[in-house]
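Geometric and topological summary
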Amino acid sequence: AMPNNVLLKCLSWNGEQGWIACGGENGLLKVLKLEAPSKSGKDLSKTSGSSLLSMNQTLEGHKNQVMVVTWNEGYKKLTTSDQNGLIIVWMLHKGMWFEEMINNRNKSFVKDMKWTADGQK
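Heads up: these notes are all about the structure in this document. (Residues numbered from 1 in each chain as written. Predicted model: local features only at pLDDT ≥ 70, side-chain atom pairs only at ≥ 80, totals over all residues. Heavy atoms only, no water.)

**Brief notes about the sheet that holds strand S4 (residues 53-58)**
- On the basis of which strands lie adjacent, the open sheet formed by four strands has the order S1-S2-S3-S4 and antiparallel pairing. The sheet is open, and its two edges are formed by strand S1 (8-14) and S4, each paired on a single side. For this sheet the average axis-to-axis angle between neighbouring strands, irrespective of direction, equals 15°.
- Pairing between strand S2 (residues 19-24) and strand S3 (residues 29-34): five bridges, direction antiparallel. The partner of Ala21 across the bridge, within S3, is Val31. (Pairing = 2+ DSSP bridges. Helix = DSSP H or I, 4+ residues; strand = E, 2+ residues; numbered from the N terminus. Axes fitted to C-alpha atoms, helices over the stretch in contact; angles between N-to-C directions.)

In structure tokens, the structure reads:
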């Protein structure tokens, strides 16, 4: 799922919907969707691990090293930031992730981001 020799710098798990976001060098930003194994009792040990991966989307918008990825589970949004301070809020629309808002700080480095408990800010 990751390009060869690209170092990952951050990872965030959205347990409610099964999304994983990971960011790294050269603006790499991937969103993966993991489906839970069926509860039918079927032996999944003989299936490949990729059979549970239902999405592997590369998000384009960052040009520099992605340093922070954080989920807003209530509103199904992803917020990312790179080493130059570019902040992008991504939204899910018709099964694909798109840029919803961009804040190009271009001056300061963002080390961490959090959404409020109600997910509105």
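More follows now that the structure is in view.
**Structural notes on the environment of Gly95**
- With respect to the helices and strands, Gly95 occurs in the loop between strand S7 (86-93) and strand S8 (96-104).
- Among the residues examined, Gly95 registers a relative accessible area of 41% and is labelled partly exposed.
- Residues Gly95 and Met55, spaced 40 residues apart in sequence, show a C-alpha to C-alpha distance of 9.1 Å. (Buried < 20%, exposed > 50% of the residue type's maximum accessible area, 1.4 Å probe, protein only.)

**Concerning the pairing of S3**
- The buried count for S3 comes to five of six residues, which makes it a mostly enclosed element.
- In sequence, S2 turns back onto S3 through a hairpin of four residues, with Asn26 there showing a positive phi of about 55°.
- Inspection of the sheet shows S3 paired to S4 by five bridges, in the antiparallel sense. Residue pairing in the sheet places Lys30 in a bridge with Thr58 of S4.

**A look at the sheet that holds S8**
- Strands sit in the order S5-S6-S7-S8 across an open sheet of four strands; the sheet is antiparallel. Single-partner strands in this sheet number two, and they are strand S5 (66-72) and S8. In this sheet, adjacent strand axes meet at a mean angle of 20° when their direction is disregarded.
- Pairing of strand S6 (residues 77-82) with S7, which is carried by five bridges, proceeds in the antiparallel orientation. Directly across from Ser81, in S7, lies its bridge partner Ile87.

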